[in-house]
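Residue-level structural notes
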Amino acid sequence: MQRFIEKHQARIAGVISCFDRILFKGHLPLGYPGAMECFISRQGLRIKDFGRFVCQQSERIKQHARTMAQRAKRPYIHLNSPVRKENIAQSICRKDQVTEGLVCILAAVETCHSFKLAYGDGRPRLVFARRKCLCLYFYFVDREFGLLHVRITSWFPFMIQVCLNGHDWLARKMDRHGIGYRRLDNAFLSIDDPARAQRLADAFVRKNWPRVLSAFACRVNPLMKDLLSGMDYYWVTQQAEYATDIMFKNPAALAGLYDRLLKHATCCLSAEDVMTFLGRKLHPSFAGEIGNDCRRRWPGARVRHRMKENGIKMYDKHGCVLRVETTINRPGEFKVRRRGIRKGQRITAWFPMAKGVANLYRYAEVSWAANRRYLD
C-alpha cells in the first residue's frame, strides 16, 4: 500500500494492520451420530437411555454456570428476547468497573446442532437434528485479550465458540511494552511507534491457539474434568476480520478524501476488481455471487464488496481512521501451501485452505494482501 501512503503522506499519522473481531469454534469428537452412539455405549447405557443421560449432563452445565456467577458475585441474566449481548456486557463492565475476571453470564434459548432418537426397523438410532437449547454466554475481561465471550451449548455435543478482538489484545501488548497510543472504541487514533506496534501485531498468529482456547473451554465446561476427560476440542477459525487502519492526523485531513474514495469504490469498481482484491481471477466457471453495496450510517458511511461469504469493506472510524477490512468466512476459496496427497502421491503444493487454527497465519497473509491491493 506504499503508493497510497506516499500520495497522502502529509495527512497520515501512521498505519497499523491487525486482526479485529475473530470467532473460533471448538468441536468435540462426538459431532456425528456414530461417535455419540459409541460414547453412550462406553457409559454402559443403551441408546434408548440417551434422552435421560443427556438431560442430566445438560443440567450440570447450567448449574456450573449459576454457581460460577454466584461465587464471583456477578450477574446471571436470562434473556427472553433477541438483544445485542455485547452491549449488555459492556454496560455491566463499565458500571461495575470490572478490570479482570468474569463480567456476567447471559443465557438465551437458541437453535443448535444436536441429535435425536430415530425409531424404525431394528433398534433405535441417533440422527442429526436441529433443536433449541439453552446457550450460555460467559463474558470475561481477560488479562491478555481484554473483553471476550465464550459461548457453550447446554446440549450434546457441547459446541463452544470463543469471540475476541485483536485490537484489545494489541492495546494490552503495547501497554506492557511501553508504547504510547490514543484509542477510541476498537480503533487506534495514533500510535507513538507504529513500526514496533506492527511487529507486536504480527505475533498474534504465532500463539499456541489450541492451548489458549482449550483453557477457556475448561472454564465453562465442567464435564472436561470427568465425563469428557481425555477428549480435546478441535478448534477452527469460523470467522476472521483483518483490518488495515490508516490513521489520519485529524478529521479534516480525511473528510474530503473519504468522500471521493467512497464515490469511486461505489461507482467504479467491477466484479472483476473485487475478485482481484481477494486474489482471484474472474473465470467463466465461477459459481457464486459478487456484489457491492454502500450504506450510510452515523457518523459516516461504509462500502462493502463481497465474493460469496468473503468480503472486503472500507469505512471511516470516528472520522479520522480509514479502515480497510477483509472478512473471511469461507477459507476454501483461498490456497495454503502444505503437505498433502494429490494423485496418490504425498507432495508439498497449494491446496484449498481449511478452517483449522493452524492456518491462522495464512488468514493474515491473504487478508493483508487483499487490503494492500484495495488501497493501491
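Summary of the structure given here. What you are looking at is a predicted structure, and each value in this text was computed from that prediction instead of being measured.

**Some remarks on the overall build of the protein**
Helix and strand counts for the protein come out as ten helices and 15 strands. Whereas a compact globule of 376 residues would reach a radius of gyration of roughly 21 Å, the protein reaches 23 Å, a difference of no more than 12%. On the principal axes, the C-alpha backbone points of the protein span a range of 70 × 60 × 35 Å. Residues classed as buried in the protein amount to 51% of the 376 residues present. Taking the intrachain contacts of the protein between residues at least 6 apart in sequence as the baseline, contacts between residues at least 24 apart amount to 64%. Per element, the accessible surface of the protein, about 18,900 Å² overall, is 50% carbon and sulfur. Within the protein, one finds 66 positive and 33 negative side-chain charges whose respective centroids are separated by 4 Å.

**Here we look at helix α7 (residues 209–220)**
End to end, α7 covers 17 Å across twelve residues, agreeing with the expected 16 Å (1.5 Å per residue, within 8%). All buried positions along α7 are accounted for by Trp209, Val212, Leu213, Phe216, Ala217 and Val220. Relative to the axis of α7, the buried residues are bounded by an arc of 140 degrees and lie together on one face.

**Looking at the pairing of strand β3 (residues 101–118)**
As paired strands, strand β2 (residues 76–79) and β3 are joined by four bridges and run parallel to one another. When the bridges of β3 are listed, leucine 79 appears paired with alanine 108. For the segment spanning β2, helix α4 (residues 85–96) and β3, crossover handedness is right-handed. In sequence, β3 turns back onto strand β4 (residues 125–142) through a hairpin of six residues, with glycine 122 there showing a positive phi of about 80 degrees.

**A few points about the environment of threonine 348**
Mapping threonine 348 onto the fold places it in strand β15 (residues 345–352). Sequence-wise, threonine 348 and arginine 337 are eleven residues apart; in three dimensions their C-alpha atoms are separated by 6.8 Å. Filtering out sequence-adjacent residues up to four positions away, threonine 348 remains in contact with Arg337, Arg338 and Arg339. Within the structure, threonine 348 has its side chain in polar contact with the side chain of arginine 339 (distance 3.3 Å).

Parameters at a glance
Residues numbered from 1 in each chain as written. Predicted model: local features only at pLDDT ≥ 70, side-chain atom pairs only at ≥ 80, totals over all residues. Heavy atoms only, no water. Helix = DSSP H or I, 4+ residues; strand = E, 2+ residues; numbered from the N terminus. Rg over C-alpha atoms; globule rule 2.2 N^0.38 Å. Buried < 20%, exposed > 50% of the residue type's maximum accessible area, 1.4 Å probe, protein only. Contact = heavy atoms within 4.5 Å. Areas by Shrake-Rupley, 256 points an atom, 1.4 Å probe, with all protein chains shown as cover. Lys, Arg positive; Asp, Glu negative; His and termini not counted. Charge placed at Lys NZ, Arg CZ, Asp CG, Glu CD. Expected span 1.5 Å × (residues − 1). Arc of directions from axis to C-beta. Pairing = 2+ DSSP bridges. Right-handed = clockwise from strand over helix to strand, strands pointing away. Polar contact = N/O pair within 3.5 Å; in protein donor to acceptor, adjacent residues only side chain to side chain.

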